[in-house]
Amino acid sequence: AQKVTQAQTEISVVEKEDVTLDCVYETRDTTYYLFWYKQPPSGELVFLIRRNSFDEQNEISGRYSWNFQKSTSSFNFTITASQVVDSAVYFCALSEARVSNYKLTFGKGTLLTVNP
Amino acid sequence: EADIYQTPRYLVIGTGKKITLECSQTMGHDKMYWYQQDPGMELHLIHYSYGVNSTEKGDLSSESTVSRIRTEHFPLTLESARPSHTSQYLCASSEWGNQRNTEAFFGQGTRLTVV
């Protein structure tokens, strides 16, 4: 069975601070996919990034960066120089690659509040 | 930009009414999903579909039902709404069997309130 744990329920920072959102996952499969989604107050889930289990390269996109470490089963997300518009709930998710059992499993989410 | 649409966006309805939440996508995705999101933020998979005429129950038991008669359409129905059904319902779709594009795209959600 697959599981995603986001231990931080809520984080509050002041604008321009860096913040890291933690994600730890469990899976028995050797091939899987990890995702981060953002849910702003408007309610829709916005896809941010996908990472394959065989690609451990870290990724940077503007102020966002992701650190994938298979050895610790973690896929952490860092926002550099946070802005008020970053305030949202962030979800980490996992799917196993088997076509017969392709489902997204989400963590419980981390509510990030960036204060001006 | 994802092309998946849910209607209505908000719905307030009385107990005992039958309701259908609509979900349509124009991306030609085979897989579609319904998630229920409680006020504590957690997302629960309640239904999914691999393609036309395929529907499966998700991880969370739900009194709702779904149908998949057309690839692009995946409506969710509650025969008799109850206050316990009050929640946000999110529809999503993704490609099937294409391991390079496995992310799911979500609609804006339907916020259902049963009074």
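Fair warning: this is a prediction, and the values are worked out from it, not measured in the lab. (Residues numbered from 1 in each chain as written. Chains lettered and ligands numbered in written order. Predicted model: local features only at pLDDT ≥ 70, side-chain atom pairs only at ≥ 80, totals over all residues. Heavy atoms only, no water.)

Asker: I tried to follow the side chain of histidine 85 of chain B on my own but got confused; where do I start?
Answerer: All names here are of chain B. Considering the arrangement of structural elements, one finds histidine 85 in the loop between β8 (76–78) and β9 (87–94). Residue classification places histidine 85 among the buried positions, given a relative accessible area of 7%. Leaving out residues up to four positions away in the same chain, histidine 85 has contacts with Glu63, Leu78, Ser80, Leu112 and Val114. (Helix = DSSP H or I, 4+ residues; strand = E, 2+ residues; numbered from the N terminus. Buried < 20%, exposed > 50% of the residue type's maximum accessible area, 1.4 Å probe, protein only. Contact = heavy atoms within 4.5 Å.)

Asker: I'm lost on the interface of chain B and chain A in this one. Help?
Answerer: Accessible area lost upon the coming together of the parts serves often as the stated size of an interface. Taken together, the contacts link 27 residues of chain B with 23 residues of chain A. Here chain B meets chain A over a buried area of about 2,200 Å², counting both sides, of which 53% is carbon and sulfur. At the junction of chain B and chain A, the tally comes to 1 salt bridge. Linking chain B to chain A there are 6 residue pairs in polar contact (both at pLDDT 80 or more). Every element with two or more residues in the side of chain B that touches chain A is listed here: β4 (31–37), β5 (43–49) and β9 of chain B. The element that contributes the greatest number of residues to the side of chain B that touches chain A is β4 of chain B, accounting for 4 residues. Considering only residue class, the side of chain B that touches chain A consists of 11 nonpolar, 10 polar and 6 charged. (Buried area = accessible area lost by both parts, 1.4 Å probe. Salt bridge = Lys/Arg side-chain N within 4 Å of Asp/Glu carboxyl O. Polar contact = N/O pair within 3.5 Å; in protein donor to acceptor, adjacent residues only side chain to side chain. Nonpolar A, V, L, I, M, F, W, Y, C, P; charged D, E, K, R; others polar.)

Asker: Can you walk me through the packing of aromatic side chains in this structure?
Answerer: We describe a pair of aromatic rings using the distance from one ring centre to the other and the angle between the two ring planes. What the rule picks out here adds up to 19 aromatic pairs over all chains. Aromatic side chains tyrosine 64 of chain A and phenylalanine 77 of chain A sit 5.1 Å apart centroid to centroid with 90 degrees between the ring planes, which places their arrangement in the edge-to-face category. Note that tyrosine 64 of chain A is positioned in strand β8 (residues 64–69) and phenylalanine 77 of chain A in strand β9 (residues 74–79), a separation of 13 residues in sequence. Note on phenylalanine 68 of chain A and phenylalanine 75 of chain A: the rings are 5.8 Å apart at their centroids and 80 degrees apart in plane angle, and the pair reads as edge-to-face. In this structure, phenylalanine 68 of chain A and phenylalanine 75 of chain A share a single accessibility class: buried. Put simply, the rings of Phe35, Tyr37, Phe47, Phe91 and Phe106 of chain A together with Tyr33, Tyr35, Phe105 and Phe106 of chain B touch in pairs and so form one group of aromatic residues. The positively charged end of arginine 68 of chain B is found above the aromatic ring belonging to phenylalanine 74 of chain B, 5.8 Å away from the centroid. (Phe/Tyr/Trp six-rings, centres within 6.5 Å; stacked < 30°, edge-to-face > 60°. Lys NZ or Arg CZ within 6 Å of the ring centre and 35° of its normal.)

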